[in-house]
Protein chains: 2
Amino acid sequence: MRTATYFFIFLNLSLALFEEPAVYPLPFLATSVLEVLCLLVFLGRLTHFAKVTLHNVFWKDTKNICIMVAILLSLTDLAVYGVLRLYGVGSIRWSRIVRPVFLINFAESRQIRRAFRSIRNTLPEITYVFLLFTFSLLMFSLMALKLFGERNLQTAEGLPYFRNYLEIVFDLYVLVTTANSPDVMMPAFDFSSWYALFFIAFVIINTYIFMSLFLAVVYNNYKKHLKNEIRKLAYMKRRKMVEAFNLLKEEEGEQFVVREARWKQLVKLVAPDTSSSHRELLLRISDDEQKGFVDKKSFVQLADLLNIQVVTLRIRRHPLARWAPALYGSTPSRLLRRAVRHRAFVWTYDAIILINAIFIALDEESPYISYAEWVFLALYIIEILLKVYTYEPREFFGKTQFWNWFDTLIIIAALTATILNATLKSTMKYNSQQILDIVFILRVLRLIRIVDSIQRFQVIMNTLINIVPTMLTFGGLTLVVYCVFAIIGMELFHGKIQYFPANSNVPHALECGNPALKDSLFARGRYCKNNFNDFASSFIVLMELTVVNQWHDILGMWIQPAKLYFIAFHIVMVIIIVNIFVSFILEAFFVEYSLEKSEVETAIEQKIQELGMGVQEDELQQEQLLDNMESAEHELEGDGGTKPQSKGLVFKIASKRYRTVDALLQRMFEAEIPLEDEGPSFEEILNLSPSSAVPRSLSSESAA
Amino acid sequence: MRTATYFFIFLNLSLALFEEPAVYPLPFLATSVLEVLCLLVFLGRLTHFAKVTLHNVFWKDTKNICIMVAILLSLTDLAVYGVLRLYGVGSIRWSRIVRPVFLINFAESRQIRRAFRSIRNTLPEITYVFLLFTFSLLMFSLMALKLFGERNLQTAEGLPYFRNYLEIVFDLYVLVTTANSPDVMMPAFDFSSWYALFFIAFVIINTYIFMSLFLAVVYNNYKKHLKNEIRKLAYMKRRKMVEAFNLLKEEEGEQFVVREARWKQLVKLVAPDTSSSHRELLLRISDDEQKGFVDKKSFVQLADLLNIQVVTLRIRRHPLARWAPALYGSTPSRLLRRAVRHRAFVWTYDAIILINAIFIALDEESPYISYAEWVFLALYIIEILLKVYTYEPREFFGKTQFWNWFDTLIIIAALTATILNATLKSTMKYNSQQILDIVFILRVLRLIRIVDSIQRFQVIMNTLINIVPTMLTFGGLTLVVYCVFAIIGMELFHGKIQYFPANSNVPHALECGNPALKDSLFARGRYCKNNFNDFASSFIVLMELTVVNQWHDILGMWIQPAKLYFIAFHIVMVIIIVNIFVSFILEAFFVEYSLEKSEVETAIEQKIQELGMGVQEDELQQEQLLDNMESAEHELEGDGGTKPQSKGLVFKIASKRYRTVDALLQRMFEAEIPLEDEGPSFEEILNLSPSSAVPRSLSSESAA
């Protein structure tokens, strides 16, 4: 259901690829049928919602209203455009801008909506800083006009320098983004060295101070709202648990409690996929004195307990050890496994990777080197096979074994692509460029593995891996902004610039098919392919504008009002969204960093340990696995037959390494609420504003 | 003494302006005599230190050793260079790099030293991230070599594209700084649109993620070390106060106390410039039950009490009211003062400023407009005179009245410059360009005042004003880095590029006097004045490199090894120092922001209020002053004769608006230490490491 909705949302968005200024043109009828289909699906999804949720809740929700309006607008526009088209009148498909609304407003994309809410909340503060920034820009422009306007200076291209006020404002705005430094300074600097001071002051105030201030405002709001959302969630959970307790409670002595049988029933209901031994463990934690019931305080913790991913880990025998025990237990086999577990095995392969890197850098043409490639591929395959032989396969390909998965997939892909290429080459005497490119990339990607051998890099890599899921949110955010701007850009600038391959002899090939561009920096830099002629090209131009450099050259040819489009894009994308992205990375890093030090979960870990269930810190195990478990204890274990395995069952707490930042923050905040605190009522929770923070937490935040 | 040391430090640093590749050349004898003089002064300062401090403390301090070594090196180098010069042998004045050591190591520049310590502490972590970043760069370069190296592509300048591995690494490093985007992408993009994906992935990973990671690491360390330093200071102070208490204590009943007389004596001794009424106030706070003695808890707070700038404010009569009471109290005078205090007065002047802005933007040539300038100047002078007439002058020019000072100074300067210019013009028929430029700038600066009329902007402006003192630290830091790099740069690149004015007809004028630069982007952009021929030019080139854009073009002509110089500068300046600067602004903003909400000082403020000394929140008063005190209460007060003035004395707490971030942080941290806690011993305090933070504060930080 969820996947289907996403599929139709992306289908709807990607229609822009096939519509009028198209990469792969489809007839209008086809795209409009597809669009109607998408809209019908959305309508269906919405009616489904309406049935499931309460009537007045449904109509109160702005999301649903937004979707309805968007569907209506799209249909009207489609109809009008279709009719006009029949009569041969051209018009604009303006409703295409509305399409990202579906991506934002469907309940599945909560993260994106939260990001948008965060932006909306940040806007007022950003606006004030922005106004002050604009004021500073206008003041500096006025000074520039007075200082340089009447000097008859010329730019390097021989154009008049700093004559027109509006152009000065634009030039200085570009200087804030640093894109035209130092060009914009040179004429004045050539005239008198002292004028450099003007530009230095400008850059310090506007580029360094104001841009940092934007980041500060965005980051501050991001943090504030994130905390608020998480506080809401935590209170909500606490509240619901208390309500559940009140429903289930029975009197026992002086207090109300939930009895064991009922508790177990509940756990089975809410988490049907937990094993019975896991349930037993949870009960032993909740009811640590084994009184046969769970009191309120422990009951409220149940949700957190269920959230802690306690992995029930059976130390399984290697399948080969079961199927062919004699062979697997024989001396050569044991020696082999011991060798694979040895640290030297890792070192050998690190060395192989380094040699491989040198071979890749060398020239491909000589036959020896292309044979060497086969040798390396074989070596990597042997490594994986050996590891699977030594370690239990299901553990080796466990959910959290990122690097094992990475290795195996890369090697399999490389093997497939290389064989495919060799086949094509030998049978059809033809090198497929695409396949070769993929082979090259895969070959280099294999080298990344070496990073995981160094402990210090692991920490940074883990931060980066943890960030990936939330980065997808930013991907969504960027997608929405890009879509809107790309569609506007295509309407405004479509066909103004054309790209001709290098060897074409069309008259204006060098000027991108536009005589106005003759001798411009745009044409000289061979930027012709940066145009708004189709959806894909527009995306790439917008990407270049996001990177900022040379953006004034990219927009070079367009007339004054079009500059507003680029400035608007810069403000939205660079000042707001990129800053949110940076805030997010900063916050993720700080959370990871403080997590390295503090121990949020120790309380429960200790309990598990007290219960003598043989719980070990997961990371220890994992590292041992990665270091090929060379420790004596573990080798015994692997070789079967000693204490931990005799039990056959070990609980472990799922690795801290692969959790999302959100979950971490939530846990941290929960550690702050006293256990007795039931939190405010539902109404209060929903209206909780970031400024109404608990005084204590605020003061400690400011001190921190 | 302190000023003198700074003077000689800057003299020593600025010697580079007059030495060999000089802006204003001086003979070698003169500069060397000056340098010897500076070194002697430093030596003298050092011997003075040695006398004042204990013997083994002095020799343990690395600062002093550093200075001694630096003096020795400088003298040796000077002697060697002088002797070689006599025999006509050229050599390098390498010891000039050592000069910034004096700026760092003299005890007066504690802030800069702290910043350097912070950098040193950050280095290990930065290094790991940097290594990972380098690894990523090398991997991507390898991929680029494989993907594009054998395609025979050409750049827009017709040069081979992505053939040599080292050049690819450099090009991609430049792309990380975004300086050559999108140029570096265009040839591959023209070849196949899919190759854009390679560059998009590169930019996302290296420019966005890694650069944010650098900021995160720097910011995290900055915060950590700042907190540690402040904690040290706070503990140190607490400890010292406890020691003082133990020295002064007497027994009183069951507890030890300090008696009133002794306490007063102490306060007089440590803060001789407090008025007796201020001392009385402090005593009333410390000994709030008026028992005649101060107990330990209150005594320890004394340092904080003294730090709170309680301004003793006598509500003084206007001097005119004393000298000419009849005139000043007459009806027209009262009406006038009432008018000046009215909100409409501010609005009128805001309108005048706006009209003035339009006039400035208009053409200067027409005589009416140049007359209008005189009118505006007169209006501004009248405004200031009226304000001084209405408000008490000493209050109007109070220490914290930033905008009043700003206004007055700007207007006086503008008046002087305009009169000077007019005189020169009428007597010598000659317009001095410098004076005119200054007049222009002052005229525009006057307009800034309008910002302070809007409440929301005031908050941001205050943050900015508060940041200024610490920005000077960064100025020092930047100065040190620039000095070192400028001196190295001058030795390496001196004379390679020459600048000729536009109309010169020297053969290679257009190629900056260097045939190798023919048709290069460097010459085409007319960058000839960006060279290392003297100290001032080097600084400007380094500034341009700091801004990053086009830096690969600026270094364009130099051969491979020279690129290392530029990369080193980029790493030191952009990755480390600019990030510290951004961290600092972020932190300053957050502190200001949380200060707006939380109230650190209320406890003492409440006490002062309880004591009925008529303390008012300063900001209220200030705003009234700025809003021209239109409230009825205040008008009565201004007109003399009612309650507050009859007392003639009011304490107020100095504005929160003009405090440094350091002081704020210190106060916040102190609020965290419980009053009973005497803190660790001196030894422990000095060895306090940031990681040994109090667990509580750490966990609350991570939650915050």
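Residues numbered from 1 in each chain as written. Chains lettered and ligands numbered in written order. Predicted model: local features only at pLDDT ≥ 70, side-chain atom pairs only at ≥ 80, totals over all residues. Heavy atoms only, no water.

(A) Just the environment of L123 of chain A, in detail. Residue and element names in this part refer to chain A. Looking at where L123 falls in the secondary structure, it is placed in helix 6 (residues 110-148). You can call L123 partly exposed: its relative accessible area is 36%. Along the chain, L123 and S136 lie 13 residues apart, while their C-alpha atoms are 19 Å from each other. (Helix = DSSP H or I, 4+ residues; strand = E, 2+ residues; numbered from the N terminus. Buried < 20%, exposed > 50% of the residue type's maximum accessible area, 1.4 Å probe, protein only.)

(B) Geometry of the relation of the copies chain A and chain B. With an axial shift of 0.0 Å and an RMSD of 0.1 Å, the rotation relating chain A to chain B amounts to 180°. Overall, the copies show the geometry of a two-fold rotation axis. Of the interface residues in chain A, 100% have counterparts in chain B that sit at the interface too, so the contact is made through matching surfaces. (Least-squares fit on C-alpha atoms with pLDDT ≥ 70 in both. Contact = heavy atoms within 4.5 Å.)

(C) The interface of chain A and chain B, seen in detail. Taken residue by residue, the interface counts 105 residues in chain A and 105 residues in chain B. Scanning the region where chain A abuts chain B turns up two salt bridges. In this structure, D437 of chain B and R151 of chain A form a salt bridge, with 3.0 Å as the shortest nitrogen-oxygen distance. Inspection of the region where chain A meets chain B yields 22 residue pairs in polar contact (both at pLDDT 80 or more). Take the side of chain A that touches chain B: its biggest share by element is 16 residues, from helix 9 (residues 196-248) of chain A. When grouped by side-chain class, the residues that make up the side of chain A that touches chain B number 63 nonpolar, 19 polar and 23 charged. (Salt bridge = Lys/Arg side-chain N within 4 Å of Asp/Glu carboxyl O. Polar contact = N/O pair within 3.5 Å; in protein donor to acceptor, adjacent residues only side chain to side chain. Nonpolar A, V, L, I, M, F, W, Y, C, P; charged D, E, K, R; others polar.)

(D) Fine view of the state of the cysteines. All names here are of chain A. The final tally for this structure, using the stated rule, is zero disulfides over all chains. In this model C66 remains outside any disulfide bridge; the closest cysteine sulfur is found in C483, 17 Å from its own. Judged by relative accessible area, C66 falls into the partly exposed class, the value being 36%. (Disulfide = S-S within 2.5 Å.)

(E) A nonpolar patch on the surface, seen in detail. All names here are of chain A. A cluster of nonpolar residues, W59, I65, V69, L73, I92 and W94, forms a patch on the protein surface that exposes about 550 Å² of accessible area. The leading source of residues in the nonpolar patch is helix 4 (residues 62-86), at three residues. With respect to the helices and strands, the residue W94 is situated in the loop between helix 4 and helix 5 (100-105). A residue is classified by how much of its surface remains accessible, and W94, at 43% relative accessible area, is partly exposed. (Patch = residues over 30% accessible without salt bridge, like charges linked within 9 Å, V, L, I, M, F, W, Y side chains within 5 Å. Areas by Shrake-Rupley, 256 points an atom, 1.4 Å probe, with all protein chains shown as cover.)

(F) Summary view of the domain arrangement of chain A. Assigned domains within chain A: domain 1 (1-107), domain 2 (249-307), domain 3 (321-453) and domain 4 (466-580). For domain 2 of chain A versus domain 3 of chain A, the separation of C-alpha centres amounts to 48 Å. (Domains from an automatic or database assignment.)

(G) Structural context of the pattern of salt bridges. All names here are of chain A. On inspection of all chains with the given rule, the structure shows 35 salt bridges over all chains. When the shortest N-O distance is used, the salt bridge between E491 and R96 registers 3.8 Å. Of this pair, E491 sits in helix 22 (residues 455-493) while R96 is found in the loop between helix 4 and helix 5, placing the two residues 395 residues apart along the sequence. Look at E491 and you get partly exposed, because its relative accessible area is 36%. One continuous salt-bridge network, built from bridges that share partners, spans E19, E35, D77, R93, R96, R99 and E491.

(H) Local environment of the sheet that holds strand 3 (residues 293-295) of chain A. All names here are of chain A. Strand order across the open sheet formed by three strands is 1-2-3, with antiparallel pairing between neighbours. Two strands in the sheet have a free side with no partner beyond their single neighbour: strand 1 (250-252) and strand 3. Ignoring which end each strand starts from, the neighbouring axes of this sheet average 55° apart. For strand 1 and strand 2 (residues 255-259), the ladder comprises three bridges, and the chain directions are antiparallel. Bridging from a neighbouring strand, E250 pairs with V257 of strand 2. Against the sheet, helix 10 (residues 260-270) engages strand 1, strand 2 and strand 3, with an angle of about 55° to strand 2. (Pairing = 2+ DSSP bridges. Axes fitted to C-alpha atoms, helices over the stretch in contact; angles between N-to-C directions.)

(I) Unusual backbone geometry, seen in detail. At the junction of S181 of chain A and P182 of chain A, the peptide bond is cis and its omega measures out at -5° in the coordinates. Within the secondary structure layout, P182 of chain A lies in the loop between helix 7 (165-176) and helix 8 (186-191). The phi dihedral of T178 of chain B is positive, around 70°, even though this residue is not glycine.

(J) Local environment of the packing of aromatic side chains. Scanning the model with the defined rule gives 92 aromatic pairs over all chains in all. Arranged with centres 6.2 Å apart and planes meeting at 80°, the rings of Y128 of chain A and F457 of chain B form a pair that is edge-to-face. With Y128 of chain A in helix 6 and F457 of chain B in helix 22 (residues 455-493), this pair bridges two chains. Given the relative accessible area of 28%, Y128 of chain A is considered partly exposed. Residue classification places F457 of chain B among the buried residues on the basis of a relative accessible area of 9%. (Phe/Tyr/Trp six-rings, centres within 6.5 Å; stacked < 30°, edge-to-face > 60°.)

(K) Spotlight on the sheet that holds strand 2 (residues 255-259) of chain B. All names here are of chain B. Spatially, 1-2-3 is the arrangement adopted by the three strands of the open sheet, whose pairing is antiparallel. What marks the edges here is a single partner per strand, and that holds for strand 1 (250-252) and strand 3 (293-295). Sheet twist, expressed as the average angle between the axes of neighbouring strands with direction ignored, equals 55°. The sheet strands contacting helix 9 (residues 196-248) are strand 1, strand 2 and strand 3, and the helix crosses strand 2 at an angle near 90°.

(L) Representation of the packing of helix 6 of chain A against helix 22 of chain A in the model. Residue and element names in this part refer to chain A. Taken N-terminus to C-terminus, the directions of helix 6 and helix 22 make an angle of 65°; their axes are 9 Å apart at the nearest point. Our classification of the angle between helix 6 and helix 22 gives roughly perpendicular. By crossing handedness, the relation of helix 6 to helix 22 is classed as right-handed. Taken together, the residues of helix 22 that come into contact with helix 6 (itself represented by Q111, I112, A115, F116 and I119) are T473, G476, L477 and V480. Looking at the contact of helix 6 with helix 22 residue by residue, the class counts come to six nonpolar, three polar and no charged. (Parallel < 35°, antiparallel > 145°, perpendicular 65-115°, else oblique. Left-handed = near helix turned anticlockwise from the far one by under 90°.)

(M) Representation of helix 22 of chain A. Of all the bends in helix 22 of chain A, the greatest, near 45°, is centred on P469 of chain A. Phi turns positive, to about 80°, at G495 of chain A, one or two residues after helix 22 of chain A. (Bend = angle between axes of the 7 residues up to and from the residue.)

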